[in-house]
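Structural overview for review
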Amino acid sequence: MAGRINDDDVKAVRDAVPIDAVVSEYLQLRNAGGGNLKGLCPFHDEKSPSFQVSPSKGLFHCFGCQEGGDTIAFVMKIDHLSFSETVERLAAKAGITLRYEEGGYNPGHQRGERIRLVEAHKAATQFYIDQLDSPEAEIGRKFLAERGFDQAAAAHFGVGYSPAGWDHLTRFLRGKGFSDKELILSGLSQDGRRGPIDRFRGRLMWPIRDVGGDVVGFGARKLRDDDNGPKYLNTPETPIYKKSQVLYGIDLAKKDIAKVSRAVVVEGYTDVMACHLAGVTTAIATCGTAFGGDHIKILRRLLMDNGSARVIFTFDGDAAGQKAALRAFEDDQKFAAETYIAIAPDGMDPCELRLAKGDEAVAELVQPRTPLFEFALRQIVKRYDLETPAGRAAALDEAAPVVARIKNIGAQHEVAVQLAGMLGILDTQFVVKRVAQLARWARDRGGKGPAQQQPAQRGYDTPAPQAAPAGPALNLRSPAHRTERELLKLALQRPELVSPAFDAYGIDEFTAPPYAAVRQCVQDAGGATGAPSDYLDTVREAAPNDTVRALVTELAVETIFAKTIDEVYAGAQLVQVRLRAVDRRIRDVQGALARLGAHGDPEQLAAVQNELWVLTQYGQSLRNNGADAL
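None of these values were measured; they are calculated from a predicted model. (Residues numbered from 1 in each chain as written. Predicted model: local features only at pLDDT ≥ 70, side-chain atom pairs only at ≥ 80, totals over all residues. Heavy atoms only, no water.)

**Things to note about the overall build of the protein chain**
Scanning the protein chain for helices and strands turns up 26 helices and 16 strands. When burial is assessed residue by residue, the protein chain has 47% of its 630 residues classed as buried. When the accessible surface of the protein chain is totalled, it reaches about 30300 Å², and 51% of it is carbon and sulfur. (Helix = DSSP H or I, 4+ residues; strand = E, 2+ residues; numbered from the N terminus. Buried < 20%, exposed > 50% of the residue type's maximum accessible area, 1.4 Å probe, protein only. Areas by Shrake-Rupley, 256 points an atom, 1.4 Å probe, with all protein chains shown as cover.)

Printed below as a string of structure tokens:
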């Protein structure tokens, strides 16, 4: 049994490893005054730094969660190590040889589990690196060369090669004193018919390091067609490797991420390599899993959530990449940093872009492009026909709840205004109020969002018998509803006063679905022009259901609200309905013009601008000349 570590050696380790140097491997520290440093606590979520480090005293303390202690206590807690494991780890970094009180030097197989697994991965890393020079690894070297990576690049990232045989690494590590149990537990070996065999065989190997720089796993790329495994095979979950808690390249990128307050999230190992070689040294990638909450915690501690912090995602432009970006947006609110998405031309990833266009193109790619929220919203709204009122309304219904999830009220308002612009809705306050209402509902329901609305039954625009009315309730205080109702009463009771103009009116000129349904009945009955003696009966028979039929009857008997019912009054109603329809169309065209922007297709821009001019002139003529302009 191993003895206790000598007290003098423990003190030597504590003195030799500065606490600020150790803590800085996990989070960004800034001057807190009085010789102290501060940062975001790694032991609990917080938005403002309450975690302080005193280099002169060798201590840390969080005023938020009350965690505190010396360098050893910090490493024990953050890496879940025992006391002896922590001292051994720090001693190795400081180059201190430890003495043990009972029995001299501690044999390797008796040391802490995490230390042993990390040492096994360190040995495996060097083994794989050495194998990359072997004749068998020619296929791996060719793979790297074809992607623009030379020997120096492979060495910088520790890329290696796993031999195609069954147990080359297993036998090598056994020779280093590692037990079969340790090899299986580490994920480097797996059970075979006659004992442990190598997990990775005949593949290109990328070592995956934690924030502290220890190799805790591997990513392995398939090279041969006869390899029936997946394209990328990663280390399984082990005591030291949790794929949701590691970021490939974080050990190389962390200092620059903290320095410039920017992180670039790419999709694969070669993309990280391409970015770093192109000068984008803040690039990192997830390891076979979606970017999630634990990854955000790692970055937040490095970015320190200051106002200028930026996270840029460079997902592929294909459907899978867009889906990944939308998943990232789900967690966007956990960042205080601004988040962006950058998609290369032709959907190339950074590795392909570097090959095709060089380092400058990669550096240019990751300059902030489209805010992530804007990308996510555009992915939603592009599924709808924004040229129609129904399409814009449906797009708003899906996009507004997304905006309502933004916690910062100021940012929420700003994004709501931008959503209105995307949809071409000129009444931005309508969109802002809709988003705010959804946010209030979500808060009232404990963050669950508004109650699910049942789809409205359609009674006026489909021929379903006995259906309930659809659309908004008729509001006679609404000038538009009131005028439309008057015009329909005239068309049913005094058709000679409104024809033939009325028959040229489209169904969409009536904003209330019930009134549009009645207008359809008049059209189906042959129109108001030259109405026969059985005109009303014919209109009623044209009704698709009893609901619409009852409304036709109601309008046919309701009093017309005019002292003098003549052509002048009828003309006024015709003009008001048409003028409102023209104004609505003008707003639609203005919205289309806003969506096209200054850089739209010239021919399309010219056509839209011409339509806007014609509509504006027609509207002015209606205002100036009344019914004579119809």
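**Here we look at the nonpolar core**
Within the largest apolar cluster, 46 residues are counted, with the highest numbers of intra-cluster contacts made by Val23, Phe51, Phe74, Ile250, Ile257 and Leu299. Element by element, the count of residues in this core is highest for helix H12 (residues 293-303), at five residues. Dropping the residues within four chain positions of it, Ile257 is found in contact with Ile250, Arg262, Ala263, Thr282, Leu299, Leu302 and Leu303. With 44 residues, the next largest nonpolar core counts Leu144, Ile312, Cys351 and Val366 among its residues. (Core = buried A, V, L, I, M, F, W, Y, C linked by side-chain atoms within 4.5 Å. Contact = heavy atoms within 4.5 Å.)

**Considerations on the pattern of salt bridges**
Evaluation of the coordinates by the stated rule reveals 27 salt bridges. In this structure, Glu182 engages Arg116 in a salt bridge whose closest nitrogen and oxygen atoms are separated by 2.9 Å. Linking Glu182 in helix H9 (residues 180-186) with Arg116 in helix H5 (residues 113-131), this pair joins segments that are 66 residues apart in sequence. When the shortest N-O distance is used, the salt bridge between Glu486 and Lys489 registers 2.6 Å. Taken together, the positions of Glu486 and Lys489, both in helix H20 (residues 479-493) and three residues apart, correspond to about one turn of that helix. (Salt bridge = Lys/Arg side-chain N within 4 Å of Asp/Glu carboxyl O.)

**Side note on the sheet that holds strand S9 (residues 203-209)**
The four strands are arranged S6-S9-S10-S11 in an open sheet whose pairing can be described as antiparallel. The open sheet has two edge strands with one neighbour each: strand S6 (160-162) and strand S11 (232-234). Looking at each pair of strands side by side, their axes are set apart by 35° on average, direction ignored. As paired strands, strand S10 (residues 215-222) and S11 are joined by three bridges and run antiparallel to one another. Note that in S11 the partner of Gly219 across the bridge is Asn234. (Pairing = 2+ DSSP bridges. Axes fitted to C-alpha atoms, helices over the stretch in contact; angles between N-to-C directions.)

**Considerations on helix H6 (residues 138-146)**
Among all positions in H6, only Gly140, Phe143 and Leu144 are buried. End-on, the buried residues of H6 take up no more than an arc of 95°, which puts them together on one face. Where H6 is buried, its residues contact helix H7 (151-157), S9, S10 and helix H11 (269-277). Once H6 ends, the next one or two residues include Gly148, with phi positive near 85°. (Arc of directions from axis to C-beta.)

**A few points about the pairing of strand S15 (residues 338-341)**
Here strand S14 (residues 310-313) pairs with S15 via four bridges, running parallel. Of the residues in S15, the one forming a bridge with Phe313 is Ile341. Across two bridges, S15 lies against strand S16 (residues 370-371) in antiparallel orientation. By the bridge assignment for S16, Ile341 is matched with Thr370.

**Here's the deal with the sheet that holds S15**
Hydrogen bonds between backbone groups are what pair the strands of a sheet, and the pairing can be parallel or antiparallel. Strand order in the open sheet made by the five strands is S13-S12-S14-S15-S16, with mixed pairing throughout. Pairing within the sheet leaves two strands with one partner each, and these edge strands are strand S13 (283-285) and S16. Inspection of the sheet shows strand S12 (residues 262-266) paired to S13 by three bridges, in the parallel sense. Across the sheet, Val266 pairs through a bridge with Ala285, a residue of S13. Lying on the sheet, H12 is in contact with S12, S13 and S14; it crosses S12 at an angle near 155°.

**Examining the side chain of Glu182**
Note on Glu182: relative accessible area 14%, which makes it buried. A polar atom in the side chain of Glu182 sits 2.9 Å from the side chain of Arg116. (Polar contact = N/O pair within 3.5 Å; in protein donor to acceptor, adjacent residues only side chain to side chain.)

**So, the packing of H20 against helix H22 (residues 513-524)**
Two elements in contact, H20 and H22, have axes whose closest approach is 11 Å; the angle formed by their N-to-C orientations is 20°. Relative to H22, H20 is oriented roughly parallel. As H20 packs across H22, the resulting crossing turns out to be left-handed. Along the contact surface, H20 presents His481, Glu484, Arg485, Leu488 and Leu492, while H22 presents Tyr515, Val518, Arg519 and Val522. (Parallel < 35°, antiparallel > 145°, perpendicular 65-115°, else oblique. Left-handed = near helix turned anticlockwise from the far one by under 90°.)

**Points about the environment of Glu496**
Inspection of the secondary structure assignment puts Glu496 in helix H21 (residues 495-498). Of the residues examined, Glu496 reaches a relative accessible area of 45% and is grouped as partly exposed.

**A word on unusual backbone geometry**
In this chain, Ser499 is followed by Pro500 through a cis amide linkage whose omega measures 5°. You can see Pro500 is positioned in the loop between H21 and H22. The phi angle at Gln66 is positive, at roughly 70°, despite the residue not being glycine. When you line up the elements, Gln66 lands in the loop between strand S4 (59-62) and strand S5 (68-70).

**Quick word on H12**
Among the eleven residues of H12, eight are classified as buried, and the element is accordingly described as predominantly covered. Listed in full, the buried residues belonging to H12 are His295, Ile296, Ile298, Leu299, Arg300, Arg301, Leu302 and Leu303. Here the buried face of H12 lies against helix H10 (250-260), S12, S13 and S14.

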